[in-house]
Amino acid sequence: MRARATVTPIVRHVAAPVVRAVGEAEAEAWLPSSESGLRLWLRSGTGYYQDSAGTTPAASDGDRIGHWADQSGNGYNFTQATDGKRGTLKTSIVNSNSVTRFDGTDDCLAGTTLSNLIANNAFSFFALISAAAAATNNANTYQNTAIIGESGQYWGLFLKSAPTVHAYNYDTTDDNVSKSISLSTFFVVHWRHESGNLYISKDGGSESSVASGNTGSLTGNAFIGSRDATNLFFNGDICELFGYNVALGTTAITNAVNYLKTLGGIA
């Protein structure tokens, strides 16, 4: 047995390619993979590739991201085949951590069918993001800027110009619940569906909720940075995003929010 050293070195997660910040190690006592039901984990500093096939690493500031590899173990990678529509890797942006930057014009990443990510009656999703602009204010939630969307417009996270961030679920009606945000400021958002209600919280604060039945359809493809790869594009940064096909319990939610707050240096 190796003797314990007087000063224990920090042990980091290592995956290639990695653009990882010093501050993130503090959050690694708990990881998204610590909870059952993890379906998607797009991790800051990990799994970036310049090409959609995932063969050429993206590691330098300004590299285009054509492939963001899922770290959940499920292989639900998000990709973009068209070079001009790829987001950009920006290093040392929030608490020295890297982000994927979307230009608000045509950048987006296409992913798996929604059925692989959520259950129609339950999910828990978390993200550390910053919106540079929120340009729309349409009555129907799905007709606004999408941070993460779905091609059938049944589910997602959207922005309105108040500025507000909206969790959205379609159960034959437009069910949405929102929180106020500040532009160009990183925040942690958690949105979930549980027991016939849709919830949202920001930075671990109080939840807002609205009654919402089962998600109407799970057959569409998920997109990051747009609603459906053709319009309503996100202008801002996504540092990390992960989600579960179950509604997590209180302790797990607290751990997940604190993990992202530590990543983002949010008090």
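Conventions adopted
- Residues numbered from 1 in each chain as written.
- Predicted model: local features only at pLDDT ≥ 70, side-chain atom pairs only at ≥ 80, totals over all residues.
- Heavy atoms only, no water.
- 1 Å grid on protein atoms, 1.4 Å probe; cavity = no way out; pocket = protein on both sides within 12 Å on 5 of 7 lines; lining within 4 Å.
- Points joined across faces, edges and corners; volume = space filled by probe spheres on them.
- Nonpolar A, V, L, I, M, F, W, Y, C, P; charged D, E, K, R; others polar.
- Helix = DSSP H or I, 4+ residues; strand = E, 2+ residues; numbered from the N terminus.
- Buried < 20%, exposed > 50% of the residue type's maximum accessible area, 1.4 Å probe, protein only.
- Lys, Arg positive; Asp, Glu negative; His and termini not counted.
- Salt bridge = Lys/Arg side-chain N within 4 Å of Asp/Glu carboxyl O.
- Polar contact = N/O pair within 3.5 Å; in protein donor to acceptor, adjacent residues only side chain to side chain.
- Contact = heavy atoms within 4.5 Å.
- Core = buried A, V, L, I, M, F, W, Y, C linked by side-chain atoms within 4.5 Å.
- Pairing = 2+ DSSP bridges.

To find leftover empty space, one rolls a probe the size of a water molecule over the atoms. As a volume, the largest pocket reaches approximately 170 Å³. Looking at the lining of the largest pocket residue by residue, the classes come out as 3 nonpolar, 8 polar and 2 charged.

Another point: the side chain of lysine 179. Residue position: lysine 179 is located in strand 13 (residues 174–180). Buried and unpaired, lysine 179 has glutamate 207 as its nearest opposite-charge partner, separated by 8.9 Å. Engagement of the side chain of lysine 179 in a polar contact is seen with the backbone oxygen of serine 206, the distance being 2.9 Å. Here serine 208 takes part through its side chain, which lies 3.1 Å from a polar atom of the side chain of lysine 179. In contact with lysine 179, not counting residues within four places along its chain, are Thr164, Val165, Ile200, Ser201, Lys202, Ser206, Glu207 and Ser208.

Once that is clear, we can look at the nonpolar core. Across soluble globular proteins, nonpolar side chains show a tendency to be buried alongside one another. In this structure, Phe125, Leu157, Trp191 and Ile238 are the most contacted members of the largest nonpolar core, which totals 40 residues. The greatest single-element share of this core, amounting to 5 residues, is contributed by strand 9 (residues 123–131). Beyond its immediate chain neighbours, meaning those up to four positions away, tryptophan 191 contacts Phe123, Ser124, Phe125, Phe126, Ala127, Ile148, Trp155, Gly156, Leu157, Ala167, Tyr199 and Ile200. Grouped together as the second largest cluster of nonpolar side chains are 21 residues, Val94, Phe186, Tyr244 and Ile253 included.

Let us now look at the pattern of salt bridges. Under the criterion given, the structure shown has 7 salt bridges. As a salt-bridge pair, arginine 86 and aspartate 83 come within 3.4 Å of each other at their nearest N and O atoms. For aspartate 83, a relative accessible area of 43% translates into the label partly exposed. Residue arginine 101 is joined to aspartate 237 by a salt bridge in which the shortest nitrogen-to-oxygen separation is 2.7 Å. Note that arginine 101 is positioned in strand 7 (residues 97–103) and aspartate 237 in strand 18 (residues 235–244), a separation of 136 residues in sequence. Under the relative-accessibility criterion, aspartate 237 is labelled buried at 7%. The structure contains a network of salt bridges with shared partners spanning Arg192, Glu194 and Glu207.

Now for the environment of histidine 193. Residue placement: histidine 193 occurs in strand 14 (residues 187–194). C-alpha separation for the pair histidine 193 and valine 246, spaced 53 residues apart in sequence, amounts to 8.4 Å. At a separation of 2.9 Å, a polar atom in the side chain of histidine 193 contacts the main-chain carbonyl oxygen of glycine 213.

A few words on the environment of alanine 139. Along the chain, the position of alanine 139 falls in the loop between strand 9 and strand 10 (145–150). For alanine 139, a relative accessible area of 71% corresponds to the exposed category. Taking the C-alpha atoms as reference, alanine 139 lies 9.5 Å from aspartate 174; in sequence the two are 35 residues apart. When near neighbours in sequence (up to four residues on either side) are disregarded, alanine 139 contacts Lys160 and Asp174.

This next bit is on the pairing of strand 17 (residues 221–224). Pairing of strand 8 (residues 109–113) with strand 17 involves 3 bridges; the strand directions are antiparallel. In the strand pairing of strand 17, alanine 110 is matched with phenylalanine 223. In this structure, strand 10 lies alongside strand 17, joined through 3 bridges in antiparallel fashion. Following the sheet pairing, glycine 149 is matched in strand 17 by phenylalanine 223.

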